[in-house]
Amino acid sequence: TIHYLGESTMQRRTEFGTDHIHPVACSPALERFTVSASAHSQTQTIQAVKVCAPTAGNDKQDCTVTLCDTPGFEDTEGAEVDIANAYSIAKATRMCQSV
């Protein structure tokens, strides 16, 4: 989702026997965000990136939004990790100026 919102070019491919949408071209700021069709979460901690979203402002000077990639839920790490992820996401959300 972060690649889609960050306007990466996406392409369908098969990975681990599953159809998957994968970024094939993205801005340098999004290169560190990994994508996989695997059930194992690729994101271990909350990661943020600022991108220009044309609908965020009336001109290019006021178009920056911050996108956050968060760990997934119900992956292979278990319920304890899900609880820790939920706590971290809630804490990060409370620190935001707006959501």
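All of these numbers come straight from a predicted model, not from anything done at the bench. Each chain carries its own residue numbering, running from 1 in the direction its sequence is written. It should be noted that, the model being predicted, local features are given only for residues of pLDDT at least 70 and side-chain atom pairs only at 80 or more, the latter also being counted only at that level, while totals for whole chains, interfaces and linings use all residues. Only hydrogens and water are removed before side-chain values are computed, so all heavy atoms of the structure are retained for them.

*Asks:* Before we go on, may I ask you to explain the overall build of the protein in this structure?
*Replies:* Runs of H or I in DSSP of at least four residues are treated as helices and runs of E of at least two as strands, each being numbered from the N terminus. Within the protein one finds two helices and four strands. In the protein, the succession of α and β elements from N to C terminus is α-β-β-β-β-α. Across the 99 residues of the protein, 24% fall into the buried class. Long-range contacts, defined as pairs at least 24 residues apart, comprise 28% of the intrachain contacts of the protein with a sequence gap of at least 6. We get accessible surface area from the Shrake-Rupley algorithm with a probe of 1.4 Å; when it comes to residues, only the shown protein chains can shield them. Working note: accessible area of the protein is about 7200 Å², and carbon and sulfur atoms make up 52% of it. A 1.4 Å probe rolled over the protein chains alone gives each residue an accessible area, and that area as a share of the maximum for its type sets the label: buried under 20%, exposed over 50%, partly exposed in between. Whether two residues touch is decided by their heavy atoms; if any such pair falls within 4.5 Å, the residues are in contact.

*Asks:* Help me out: how do you make sense of the layout of surface pockets in this one?
*Replies:* A probe as big as a water molecule, rolled over the atoms, marks out the empty space that is left. Estimates place the volume of the second largest pocket at around 340 Å³. Every residue lining the second largest pocket is listed: Ile46, Thr66, Cys68, Thr70, Ile89, Ala92, Thr93, Met95, Cys96, Gln97, Ser98 and Val99. Among the secondary structure elements, those contributing two or more residues to the lining of the second largest pocket are β4 (64–69) and α2 (79–94). It is α2 that contributes the most residues to the lining of the second largest pocket, three residues altogether. The distinction between a cavity and a pocket rests on a 1 Å grid over the protein atoms alone: a 1.4 Å probe fits inside a cavity but cannot get out, while a pocket stays open yet meets protein on both sides within 12 Å along at least five of seven lines, and a residue with an atom within 4 Å of a point counts as lining. Grid points are joined across faces, edges and corners, and a volume is the space filled by probe spheres set on the points.

*Asks:* What exactly am I supposed to notice about the state of the cysteines here?
*Replies:* By definition, a disulfide links the sulfur atoms of two cysteine residues through a covalent bond. Only a pair of cysteine sulfur atoms within 2.5 Å qualifies as a disulfide here. For the structure on display, the rule yields zero disulfides. Free of any disulfide, Cys68 has its nearest cysteine sulfur in Cys96, 5.9 Å distant. For Cys68, a relative accessible area of 46% translates into the label partly exposed.

*Asks:* Just to check I follow, could you spell out the nonpolar core for this structure?
*Replies:* Across soluble globular proteins, nonpolar side chains show a tendency to be buried alongside one another. Among the nonpolar cores identified, the biggest contains six residues, and these are Ile2, Leu30, Phe33, Val49, Val51 and Leu67. Ignoring anything within four residues of it in the chain, the contact list for Val51 reads Gly6, Cys63, Thr64, Val65 and Leu67. Definition used in this section: a nonpolar core is a set of buried Ala, Val, Leu, Ile, Met, Phe, Trp, Tyr and Cys residues joined via side-chain atoms within 4.5 Å.

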